[in-house]
Amino acid sequence: MRKMLTIISNVLRASTKKNGARVVVSSRSYADFTPQASFDIKGCDLHRLEEGPAQQAVLTREEGLQYYRTLQMMRRMELKADQLYKQKIIRGFCHLYDGQEACAVGIEAGINPTDHLITAYRAHGYTLTRGGTVREIMAELTGRRGGIAKGKGGSMHMYTKNFYGGNGIVGAQVPLGAGVALACKYQGRNELCVTLYGDGAANQGQIFETYNMASLWKLPCIFICENNKYGMGTSVERAAASTDYYKRGDFIPGLRVDGMDVLCVREATKFAADHCRAGKGPILMELQTYRYHGHSMSDPGVSYRTREEIQEVRSKSDPISMLKERMLSNNMTNVEELKEIDVEVRKEIEDAAQFATTDPEPPLEELCNHLFSNDQPLEVRGTHPWTKLKSVS
Amino acid sequence: MASLKCLLRSGRNAVSVVLRREFHRTLPASLQVTVRDALNQAMDEELERDERVFLLGEEVAQYDGAYKVSRGLWKKYGDKRIIDTPITEMGFAGIAVGAAMGGLRPICEFMTFNFSMQAIDQVINSAAKTYYMSAGLQQVPIVFRGPNGASAGVAAQHSQCFAAWYAHCPGLKVVSPWNSEDAKGLLKAAVRDDNPVVFLENELMYGVPFEMSEEAQSKDFLIPIGKAKIERQGDRVTLVSHSRLVSHCLDAAAVLSKDGIECEVINLRTIRPMDMETIEKSVIKTNHLITVEGGWPQFGVGAEISARIMEGPAFNYLDAPVARVTGVDIPMPYAKILEDHSIPQVKDIIFTVKKTLNI
């Protein structure tokens, strides 16, 4: 038994040297920790599906630590953004994702980096999981030249490879996502597109237009409704005649998933991805989740819901707490190791915030650039006839 | 035979254009090609040249196109490249933009640009602004094309000109061809452009044949977006127009020539970015400027040209204010006599020239 544990711990130690893994190498011997465990997860409500995702999920220690780190990074990043906004260093729109982290992390764990993803404006979490660094995300929020969009996009317009934003117009991202899926199918790549929208957007006409075409043409598209119970200040009961968002795709099979549990989300995403990759066409997932903050920084978030409700979700269903408890109670890690991760996360966030506040704003010469791709330089009219501004691709 | 029917349908102006063309010195291997066929050729050639190019829209595939512009393409390229969509503009325009983001080069057809209003958010917010918002990370190589402006007897909801609306927005290129060479060269250039291009055709021009030079028949014939063309040299007054009304300007010029007034007729070809240099050079020569468009006057193409002339070097050469000839500022009526009086006629252009020249 001892020998097997040593072998396993050696393998784990070797695997942590890979670039992708962000597991803390603790000085303590790995032989003390359980390498993996199986967890019972909530079943999904099904629509037009004979069977759903497995009700058990296997989590390895390595995965658990990676999810924990990313969840914590996302949480701290959003809280730091809250702070910077209140200090007026971030301005304009800022829609925070804290509470919903399990969705972004779980989805990313269920797809490949070569798959595609598009979401609406509550996008900071996805920008992170899709390859953005905290530094460039925060610098974009503060509008500096080191921002992921060079300061020209802001909170709602962040892009990375295979991540199409960050979209400000409610619902518009859904046809776009189906279009990306069409491009995947057309080019014969075994890739799919995850297309996210909220419970508020779910009533948009263009989404139903998209369901229709995605189904007709069997596009490899996973539609995901992040149902956080409120579209701005309007609860789902007041906005939708049917709040069974997973059924709203009608002819599209759907499943309703506990969006606060990262393992539930991961298993459901894998299930949905298999469905798409088998050429069966689109599938719809409703993730039941919750946002701790208001709709945006200008919304205190307590005029349409009670503080008690928010507190209850925090204490009973917080995604980070849930993962932490699971790992601790199965001896997959200990408090010290998690604390070390917390310290590292905090440091990375502080460094990023420092960068985001000290990096200079974009130079004025950049003002008119990036109007057109691969084009000759052109002249742009300024605020009066005597300004001659230059634009390059 | 079909082209003759089209000729008669498009009215007297088209016939005079054809007659004038036939009496020109013809190049050895030039031939008569309708605007419709030129557009068809352009799409066929670009589909053949680049695997990533595809066409989607209502009735583009099995119906051969609502106005037969995509005739034969579905038979040749099949379901993958020529896609019939349901009647859901906002949805399919969004899908087209997403496909462009995902690496393809879609041609998105609006049956008429009136229906593009349902999808205008996707054209402006998802297509036009994305390259800028992403600071160059995400390009959107898409062409939105279809008939624009007044047709014949289709009334108010089907006759609006969108040149001014789309040309207002940074991040878009807006192109408005007049004849067959324009149609072919500009559509090919639009498809090869890595940016969103709004391509405004004209239903009444589809059936009109024009001489297509040997150069224009080549598979690599491109017309640069952003350059206007001087269709007729003159020295008394400059007429600037786009799309179908270029024909009206040429007809007016022919009539005025008999009175010894030589008009310089400029075919804009591209509305955005507009070729002010060509217009200014011409105004410096002729000292008089008249803009001619089918769209409504307020905040229109002519309004923009007038403002820019005042801001540029040509202002000091004007001997009279710029005059705009436009559509009447009303929704398009149905009855023929009313419709005829809602859009500029050749006599309106002649009248305006004489007023401007104080004759």
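Here is what the cut-offs are and how they apply
Residues numbered from 1 in each chain as written. Chains lettered and ligands numbered in written order. Predicted model: local features only at pLDDT ≥ 70, side-chain atom pairs only at ≥ 80, totals over all residues. Heavy atoms only, no water. Axes fitted to C-alpha atoms, helices over the stretch in contact; angles between N-to-C directions. Helix = DSSP H or I, 4+ residues; strand = E, 2+ residues; numbered from the N terminus. Parallel < 35°, antiparallel > 145°, perpendicular 65-115°, else oblique. Left-handed = near helix turned anticlockwise from the far one by under 90°. Contact = heavy atoms within 4.5 Å. Nonpolar A, V, L, I, M, F, W, Y, C, P; charged D, E, K, R; others polar. Buried < 20%, exposed > 50% of the residue type's maximum accessible area, 1.4 Å probe, protein only. Pairing = 2+ DSSP bridges. UniProt positions renumbered as here; feature names shortened; annotations may be inferred. Domains from an automatic or database assignment. Buried area = accessible area lost by both parts, 1.4 Å probe. Salt bridge = Lys/Arg side-chain N within 4 Å of Asp/Glu carboxyl O. Polar contact = N/O pair within 3.5 Å; in protein donor to acceptor, adjacent residues only side chain to side chain.

## Some thoughts on the packing of helix α2 (residues 61-86) of chain A against helix α12 (residues 335-358) of chain A
Residues and elements named next belong to chain A.
So, point 1. It is the contact of α2 with α12, at a shortest axis distance of 9 Å, that shows an interaxial angle of 40 degrees. By the angle between their axes, α2 is oblique relative to α12. Helix-helix and strand crossings are classified by hand; for α2 and α12 the assignment is right-handed. Of the residues in α12, those touching α2 at R61, L65, Y68, R69, Q72, M73, R76, M77, K80 and L84 are E337, L338, I341, D342, E344, V345, R346, E348, I349, E350, A353 and T357.
So, point 2. Broken down by class, the residue content of the contact of α2 with α12 amounts to 10 nonpolar, 2 polar and 10 charged.

## Some remarks on the pairing of strand β10 (residues 237-241) of chain B
Residues and elements named next belong to chain B.
So, point 1. A large share of β10 lies buried, amounting to 5 of its 5 residues.
So, point 2. Neither face of β10 is left uncovered, since the one carrying V237, L239 and S241 and the one carrying T238 and V240 both have all their residues buried.
So, point 3. Strand direction decides the pairing type here: β10 and strand β11 (residues 263-267), joined by 5 bridges, are parallel. Along β11, the bridge assignment pairs V237 with C263.

## Remarks on the UniProt feature "domain: Transketolase-like pyrimidine-binding" (unreviewed entry) in chain B
So, point 1. In this numbering, the UniProt entry assigns the feature "domain: Transketolase-like pyrimidine-binding" (unreviewed entry) to residues 33-208 of chain B.
So, point 2. In this annotation, residues 33-208 of chain B is assigned 36% helix and 16% strand; the end-to-end C-alpha distance for the span is 8 Å.

## A closer look at the UniProt feature "domain: Dehydrogenase E1 component" (unreviewed entry) in chain A
So, point 1. If you check UniProt for "domain: Dehydrogenase E1 component" (unreviewed entry), the listed places come out as residues 70-364 of chain A in our numbering.
So, point 2. The span residues 70-364 of chain A carries 45% helix and 11% strand; its end-to-end C-alpha distance comes to 35 Å.

## Examining the domain arrangement of chain B
All names here are of chain B.
So, point 1. Domain annotation of chain B identifies domain 1 (29-217) and domain 2 (229-356).
So, point 2. Summarising the inter-unit geometry, the C-alpha centres of domain 1 and domain 2 are found 26 Å apart.
So, point 3. Each side of the interface is counted separately: domain 1 has 28 residues, and domain 2 has 24 residues.
So, point 4. Taken together, the two surfaces of domain 1 and domain 2 that pack against each other cover about 2000 Å², and 59% of this comes from carbon and sulfur.
So, point 5. The largest per-residue losses of area from domain 1 upon contact with domain 2 belong to G153, S176 and W178, which jointly make up 26% of the total buried on that side.
So, point 6. Applying the counting rule to domain 1 against domain 2 returns 1 salt bridge.
So, point 7. Close ionic contact of D182 with R269 constitutes a salt bridge, the shortest N to O distance being 2.7 Å.
So, point 8. The interface formed by domain 1 and domain 2 contains 12 residue pairs in polar contact (both at pLDDT 80 or more).
So, point 9. Tallied by class, residues from the side of domain 1 that touches domain 2 come to 19 nonpolar, 7 polar and 2 charged.

## Re the pattern of salt bridges
Residues and elements named next belong to chain A.
So, point 1. Applying the stated rule across the entire model yields 45 salt bridges over all chains.
So, point 2. A salt bridge links K316 to E312, with the shortest nitrogen-to-oxygen separation between them at 2.9 Å. Of the two residues, K316 and E312 both sit in helix α10 (residues 307-317), 4 residues apart, roughly one turn of that helix.
So, point 3. In this structure K316 comes out as exposed when scored by relative accessible area, which is 63%.

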